[in-house]
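# A look at the structure
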Protein chains: 2
Amino acid sequence: MFSGLWLISILSYLRAMFELLRKNIEKHLAISDSDFERFTAPFYHRKIAKKQFLLRAGQICKFEGFVIKGCLRVYYLDEQGQERILYFAIEDWWITDIDSFTNNTPSILNIEALEDSEVLLITQPYKEALYEQVPVVEKLFRIMTQKTHVALQRRMISALGKTADERYLEFITKYPQLEQRLTQLQVASYLGISHEFLSKIRKKLAKQR
Amino acid sequence: MFSGLWLISILSYLRAMFELLRKNIEKHLAISDSDFERFTAPFYHRKIAKKQFLLRAGQICKFEGFVIKGCLRVYYLDEQGQERILYFAIEDWWITDIDSFTNNTPSILNIEALEDSEVLLITQPYKEALYEQVPVVEKLFRIMTQKTHVALQRRMISALGKTADERYLEFITKYPQLEQRLTQLQVASYLGISHEFLSKIRKKLAKQR
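Residues numbered from 1 in each chain as written. Chains lettered and ligands numbered in written order. Predicted model: local features only at pLDDT ≥ 70, side-chain atom pairs only at ≥ 80, totals over all residues. Heavy atoms only, no water.

## A closer look at the interface of chain B and chain A
Test applied: Any two residues whose heavy atoms approach within 4.5 Å are treated as being in contact. Here the quantity called buried area is the accessible surface, traced with a 1.4 Å probe, that two parts lose on coming together, added over both. Here, a salt bridge means any Lys or Arg side-chain nitrogen found within 4 Å of an Asp or Glu carboxyl oxygen. Each helix corresponds to a stretch of at least 4 residues labelled H or I by DSSP, and each strand to a stretch of at least 2 residues labelled E; elements are numbered beginning at the N terminus.
Contact with chain B, which involves 36 residues of that partner, is made by 36 residues of chain A. When chain B packs against chain A, close to 3800 Å² is buried across both sides, 62% of that on carbon and sulfur atoms. For chain B, the biggest contributors to the area lost against chain A are Arg-142, Met-156 and Leu-160 of chain B; these three give 17% of the whole. Among the ionic pairs, Lys-139 of chain A bridges to Glu-138 of chain B, the shortest N-O distance being 2.9 Å. Elements that contribute at least two residues to the side of chain B that touches chain A include exactly strand 5 (83-90), helix 3 (98-103), helix 4 (124-133) and helix 5 (135-161) of chain B. For the side of chain B that touches chain A, the leading source of residues is helix 5 of chain B, giving 18 residues.

Pasting the structure below:
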């Protein structure tokens, strides 16, 4: 009796997770039930406790992942040994090192959970198989990669051409839900500025409001 | 008689241009003759004289282009009105503002010819039609966008984490043919440093060799 209930609750939890994934896909295109089933079949579920790593620099990134719970950060160490945050990922975001995943080369990135997190992962051979077997997956990742690329281009332009104040304002406007879940140190590392400098910006902006 | 020869020479020139495009595609995947013909049919040819613009900030980028001759730069003006070069494109490179092209929004980028240049262009409705009609095009752009994204991620990491010396060395090692065709001012703008600072780096490196 107990194990039956447990099974039902596990199954309904899994269903809810995959619902989140389906909603994510449907932001980009329509997908039939059977294509969605074929698409999701190779995904597996993983929990990552806070401060644990999903990927460490030097490893080959064998997965592409969809975050269903928690918050992770993708970062690397620069030449001076300083942590530089490339991006954060919360629920409904995709996460991978596309360079390492695509080229099968050691990653220079680390992916660490900032909160207890859960992800759905797919490995490279399964993803390649999907491209061949489910044409809509090709379209989906063409569109998603295009959008990610647009986002990275905007970030690059922002990093090169805007002041730290502007980049901070842009960040909190674009990702209000993210800023609340991060420490100031993490936000500073994402913006490529010191913790002290971020504090100054925040104080200045607080006065202006 | 004269016009016949002229036509033959134009046709053979066009053939050579499309051969370059075919070689570019075949770096990524195999394409059949008939798919290649259907893919290239909507492309049109355009000459851009040195210092002319293919795109100006404020315009919607209506094209995705393949460079068959010359050299172009993609740049924008930062908040201080300074020119920032996002990337250069020479023969065998693709060029567009993917943000404006995809989202049909005014571009913040300028695309200017640094040499007399020629491009093959395709517009958005034709490209969308190709995705529907020629499945291999979907795969091609999925793979190409993925690779462009990897390149941009590497550049972002490099911009955030490396010194100007390292970024300059990386640039000349990766694109030796490009550096020879650019002014020092253009290279400096690409690296996000002043002209004077680049001169210092070059002198220092020359001494070390």
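## Looking at the UniProt feature "domain: Cyclic nucleotide-binding" (unreviewed entry) in chain A
Quick note on the threshold: UniProt positions are given in the numbering used here, feature names are shortened, and annotations may be inferred rather than shown by experiment.
UniProt's entry tags residues 46-131 of chain A with the feature "domain: Cyclic nucleotide-binding" (unreviewed entry), counted in the numbering of this structure. Along residues 46-131 of chain A, the helical share is 16% and the strand share 48%, with 23 Å between the first and last C-alpha atoms.

## Section: the side chain of Thr-96 of chain A
All names here are of chain A. This is how the line gets drawn: Any N or O atom pair separated by 3.5 Å or less is treated as a polar contact, with the protein-specific requirement of one donor-capable and one acceptor-capable atom, and with residues adjacent in sequence counted only for side-chain atom pairs.
By the secondary structure assignment, Thr-96 is in the loop between strand 6 (94-95) and helix 3 (98-103). Side-chain polar atoms of Thr-96 contact the backbone oxygen of Phe-63, separated by 2.8 Å. Excluding residues that lie within four positions of it along the chain, Thr-96 makes contacts with Cys-61, Phe-63, Glu-64, Tyr-87, Phe-101 and Ile-111.

## Thoughts on the packing of helix 8 (residues 184-191) of chain B against helix 9 (residues 195-208) of chain B
Residues and elements named next belong to chain B. Formally: Helix axes use the C-alpha atoms of the stretch in contact, all axes being lines fitted to C-alpha atoms, and the angles between their N-to-C directions lie in the range 0 to 180 degrees. Each angle is binned into one of four classes, with values under 35 degrees roughly parallel, values over 145 roughly antiparallel, values of 65 to 115 roughly perpendicular, and all other values oblique. Residue type decides the class: Asp, Glu, Lys and Arg count as charged, Ala, Val, Leu, Ile, Met, Phe, Trp, Tyr, Cys and Pro as nonpolar, and the leftover types, Gly among them, as polar.
At a closest axis distance of 9 Å, the pairing of helix 8 and helix 9 adopts a crossing angle of 100°. When the axes of helix 8 and helix 9 are compared, the pair comes out roughly perpendicular. On helix 9, the residues that touch Gln-184, Leu-185, Val-187, Ala-188 and Leu-191 of helix 8 are His-195, Leu-198, Ser-199 and Arg-202. Its residues assigned to classes, the contact of helix 8 with helix 9 comprises five nonpolar, three polar and one charged.

## Concerning the relation of the copies chain B and chain A
To be explicit about the condition: A residue counts toward the fit only if its pLDDT is at least 70 in both copies, and the copies are then superposed by least squares on the C-alpha atoms of those residues.
Taken as rigid bodies, chain B and chain A are interconverted by a rotation of 180° and an axial shift of 0.0 Å, the fit giving an RMSD of 0.0 Å. Taken together, the rotation and translation describe the operation of a two-fold axis. By C-alpha distance to the rotation axis, the residue of chain B lying nearest is Arg-142 of chain B, at 2.1 Å. Both copies present the same face, since 100% of the interface residues in chain B are matched by interface residues at the equivalent positions in chain A.

## Details of the layout of surface pockets
Put simply, the test is: Points on a 1 Å grid, built from protein atoms alone, make a cavity when a 1.4 Å probe fits but cannot get out and make a pocket when they are open with protein on both sides within 12 Å along at least 5 of 7 lines; residues with an atom within 4 Å of a point are the lining residues. Grid points are joined across faces, edges and corners, and a volume is the space filled by probe spheres set on the points.
Roughly 1200 Å³ of internal volume is contained in the second largest pocket. Lining the second largest pocket we find 41 residues, and of these Trp-93, Lys-147, Thr-148, Ala-151 and Tyr-175 of chain B sit closest to its centre. When contributions to the lining of the second largest pocket are tallied by element, the ones reaching two or more residues are helix 5 (135-161) of chain A together with strand 5, strand 6 (94-95), helix 3, helix 5, helix 6 (164-174) and helix 8 of chain B. No other element matches the twelve residues that helix 5 of chain B contributes to the lining of the second largest pocket.

## Observations regarding unusual backbone geometry
All names here are of chain B. A positive phi angle is found at Lys-51, which is not glycine, with a value near 75°. Examined against the element boundaries, Lys-51 turns out to sit in the loop between strand 1 (44-48) and strand 2 (53-55). In this structure, Asn-104 takes a positive phi of about 55° despite not being glycine. Positionally, Asn-104 belongs in the loop between helix 3 and strand 7 (110-113).

## So, the pattern of salt bridges
The condition is simple: Throughout this description, buried means an accessible area under 20% of the type-specific maximum (1.4 Å probe, protein chains only), exposed means over 50%, and partly exposed covers the range between.
Applying the stated criterion across every chain, the model contains 32 salt bridges over all chains. The salt bridge partner of Asp-99 of chain A is Arg-154 of chain B, with a shortest N-O separation of 2.6 Å. Separated into two different chains, Asp-99 of chain A in helix 3 and Arg-154 of chain B in helix 5 make up a pair that spans both. Judged by its relative accessible area of 11%, Asp-99 of chain A is buried. Take Arg-154 of chain B: its relative accessible area is 40%, and that puts it in the partly exposed class. Across the pair Glu-91 of chain B and Arg-181 of chain B runs a salt bridge, and its minimum N-O distance is 3.2 Å.

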